[in-house]
Amino acid sequence: MRRKHLLSIIGGRPQFIKTAVLTRTLRGRTELEHTIVDTGQHYDHSMSSIFVEELDIPPPIILGVHGGAHAEMTGRMMIALDPVLADTKPDIVLVYGDTNSTVAGALTAAKQHLAVAHIEAGLRSFNRNMPEEINRIVADHLSDILFCPTQRAVANLTREGLGHQVLHVGDVMADLAKIASTQFTRSNILEKLHLQEKHYVTLTIHRAENTDDKDRLVALIDYVRHDSNGLEVVMPIHPRTRDAIEKFGIKMEGVTVTPPVAYTDMGCLIKGSERVYTDSGGLQKEAYFHEVSCVTLRDETEWVETIACGWNRLWTQPTYQTRRPIRDYGEGDAGIKIAATLAAHLE
Ligand code: UD1
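Reference entry: report on the structure contained in this document. (Residues numbered from 1 in each chain as written. Predicted model: local features only at pLDDT ≥ 70, side-chain atom pairs only at ≥ 80, totals over all residues. Heavy atoms only, no water.)

**As for the overall build of the chain**
What counts, and what does not: Numbering of helices and strands runs from the N terminus; a helix is a DSSP stretch of H or I covering at least four residues, while a strand is a stretch of E covering at least two. C-alpha atoms define the radius of gyration in this analysis, and the globule rule sets the expected value at 2.2 Å times the number of residues to the power 0.38. The buried label applies to any residue whose accessible area, calculated with a 1.4 Å probe on protein chains only, is under 20% of its type's maximum; exposed applies above 50%, and partly exposed to all values in between. Only heavy atoms matter for contacts: two residues are in contact if any of them lie within 4.5 Å across the pair. Under the convention used here, Asp and Glu are negative, Lys and Arg are positive, and both His and the chain ends fall outside the count. Lys charges are placed at NZ, Arg charges at CZ, Asp charges at CG and Glu charges at CD.
Across its full length, the chain carries 15 helices and 13 strands. Taking 2.2 N^0.38 as the reference for a compact globule, 347 residues should give roughly 20 Å; the C-alpha atoms of the chain span a radius of gyration of 19 Å, in line with that estimate. In terms of its C-alpha atoms, the chain occupies a principal-axis envelope of roughly 65 × 40 × 40 Å. Evaluated residue by residue, the chain yields a buried proportion of 58% over its 347 residues. Expressed as a percentage of contacts within the chain between residues at least 6 apart in sequence, the contacts between residues at least 24 apart total 67%. Between the averaged position of the 37 positive side-chain charges in the chain and that of its 45 negative side-chain charges there is a distance of 2 Å.

Structural data, given as structure tokens:
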């Protein structure tokens, strides 16, 4: 019998992290072959290939598309993906999350009548000014199988008429956090940065809505300085934010700025933090996985259960709700459930 072929399309930092879970799970399934295509959206070593090495992902096919405005970037990705999909004719194309690589992958595959599965489907911020929201909506509506991390995501898709294709499997990032806690080597990032556990906070900012407006970016950094009560603020910096800070000439006194860090280092930084301040979706959940409080530097979040269960608040909210565990993300078995569903679908 011919082995069935899965093809993952990735490109942004979080997608390297998410595909690492699938890669591990699929190794046990000899009936499935898995190829990874990296659009090239994130090209700095610290934003992409570092994760291939660290998380033991098979070397991807790299298309080298990055930069440019959204339409240009997405269009160039589609042009580059088209012949790869036509040549390999995968049985299912997997897309992840909500980046331009996600939407380019889903569109190109759907136009070739290939089956598409979306991992981390159904999230909504209901803010269409975010490029990610547009990407999510399009990717979800073009997908044949929708793997949801939360019940809320299932409800969002059901409301949009996609309920019949939906499965609540939990969050692949919860899987990886669990794998990392037992299998990955310990990070020495705290020693390297001379940090003492619980005597610092971790800050990340990268969303266009926060970096493209000088007043907003200054207001967020001032807020964190003030809210963290004199604790050291450690900020692994995304290239977009580094460029914005330089361009606007923003003073970063009291903030320890470092280059982007690897997955295990980030986990260690989060775990040792008194609190995490972030506009990243991934970090909001990773704070919870490490039982650290989070403040989301946005005016809304897709990960509403982190707020409802008292682990996260928006910077516009003064207090946390009562704490309780979040059941939605699963027991670290999202990858297993996804692989089993894909295998059954291809039988
Ligand atoms: C993208 C995703 C966002 C995701 C984030 C994770 C979209 C629309 N946004 O945002 O949803 O949360 O990735 O990190 O897809 N750059 C570098 N080196 C790199 C990568 C980017 O210098 O390795 C520069 C780019 O040239 C660009 C800027 O950073 O000027 C922004 O990169 P871009 O890929 O447009 O989006 P992100 O902000 O990373």
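What follows continues from the structure just given.
**Describing the site of the ligand**
Applied cut-off: In this text, near means that some heavy atom of the residue lies within 4 Å of the molecule or strand in question. We call two N or O atoms a polar contact when they sit within 3.5 Å, provided that within protein one can donate a hydrogen and the other can accept it, with sequence-adjacent residues counted only if both atoms are side-chain atoms. The Shrake-Rupley method, run with a 1.4 Å probe sphere, supplies the accessible areas, and residue values consider only the shown protein chains as cover. Throughout this entry, Asp, Glu, Lys and Arg are counted as charged residues, while Ala, Val, Leu, Ile, Met, Phe, Trp, Tyr, Cys and Pro are counted as nonpolar. The remaining residues, Gly among them, count as polar.
Taken together, 18 residues surround the ligand, and among them Q41, H42, N100, H238 and R240 come closest. Here H42 contributes a side-chain N or O atom positioned 2.6 Å from an oxygen atom of the ligand. Between Y43 and the ligand, the recorded distance is 2.9 Å, taken from a side-chain N or O atom to an oxygen atom. Look at the ligand: alone it shows 750 Å² of surface, and the protein chains cover 87% of it. Residue assignment for the shell around the ligand shows that the elements contributing at least two residues are α3 (70-88), α5 (131-142) and α11 (239-248). Examining the composition of the shell around the ligand, we find that three residues originate from one element, α5, more than from any other. Here the shell around the ligand is built from residues that sort into six nonpolar, eight polar and four charged.

**Things to note about the side chain of S48**
With respect to the helices and strands, the residue S48 is situated in the loop between β2 (32-38) and α2 (49-54). Contacts of S48, omitting those with residues within four sequence positions, involve F16, H42 and Y43.

**Digging into the state of the cysteines**
Operational definition: Whenever a pair of cysteine sulfur atoms sits within 2.5 Å, that pair is classed as a disulfide.
Taken as a whole and judged by the stated rule, the model has zero disulfides. Between C268, a free cysteine, and C294, which holds the nearest cysteine sulfur, the sulfur-to-sulfur gap is 17 Å. As a non-bridged cysteine, C294 has C309 as the owner of its nearest cysteine sulfur, 14 Å distant.

**Remarks on helix α6 (residues 151-159)**
Definition in use: Note that the arc is computed from the directions linking the helix axis to the C-beta atoms.
The set of residues buried in α6 consists of A153, V154, N156 and L157. Buried residues of α6, seen end-on, are gathered within an arc of 160° and therefore sit on one face of the element. A positive backbone phi angle near 85° is found at G161, which sits one or two residues after α6.

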